[in-house]
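Here are the chains, one letter per residue:
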Amino acid sequence: MSYDIESLKNKNPTFHLWPREVLFRKGAKADSFYLVISGKIIIVKPFSAKIVREYGAGEIFGIPEVLLGEDWKFMAEAKTFSSICSFPKDLLFNRIEMMDSQPKKIMKYLLQKV
């Protein structure tokens, strides 16, 4: 099943961030992943201001951290005025459970190896 950005926006909470507003901080539990609707989100190494990664409209981030049950290793903040959708980890795990058996087996195998 595939979704377009409009349907995702309508079904999940949308947040609006001002430039330099923090989405999450290093050490916080990664219990959601995100879709950037508009603007730019930067992933920053705390206390150094080094940009590790930048995400723009239509990009999703945070899935590996959510799958692994990790804490965030970096901080995320808005580079520009930005809108994002937040997706709870349960949504991701429910989608994995709905997969056909072969992709599900591959996903579970990969998660055991990480």
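Residues numbered from 1 in each chain as written. Predicted model: local features only at pLDDT ≥ 70, side-chain atom pairs only at ≥ 80, totals over all residues. Heavy atoms only, no water.

1. A short note on the overall build of the protein
Scanning the protein for helices and strands turns up four helices and eight strands. Counting from the amino terminus, the protein carries its helices and strands in the arrangement α-β-β-β-β-β-β-α-β-β-α-α. When each of the 114 residues of the protein is scored for burial, the buried share is 32%. Of the contacts formed within the protein by residues at least 6 apart in sequence, a portion of 77% connects residues at least 24 apart. (Helix = DSSP H or I, 4+ residues; strand = E, 2+ residues; numbered from the N terminus. Buried < 20%, exposed > 50% of the residue type's maximum accessible area, 1.4 Å probe, protein only. Contact = heavy atoms within 4.5 Å.)

2. A word on the sheet that holds strand E8 (residues 82–88)
The antiparallel open sheet is built from four strands, whose spatial order is E1-E8-E3-E6. Pairing within the sheet leaves two strands with one partner each, and these edge strands are strand E1 (14–17) and strand E6 (60–61). Note that strand E3 (residues 32–38) and E6 share two bridges and pair antiparallel. Bridged to Tyr34 within E6 is Phe61. (Pairing = 2+ DSSP bridges.)

3. What about the nonpolar core?
Leu23, Phe24, Tyr34, Ile41, Phe61 and Ile84 are the most contacted members of the largest nonpolar core, which totals 20 residues. Elements with a contribution of two residues or more to this core: strand E2 (22–24), E3, strand E4 (40–45), strand E7 (75–78) and E8. With five residues, E3 is the largest single contributor of residues to this core. If near-sequence neighbours (up to four positions away) are discounted, Phe61 is found in contact with Leu23, Phe24, Phe33, Tyr34, Val36, Ile41, Ile43 and Tyr55. (Core = buried A, V, L, I, M, F, W, Y, C linked by side-chain atoms within 4.5 Å.)

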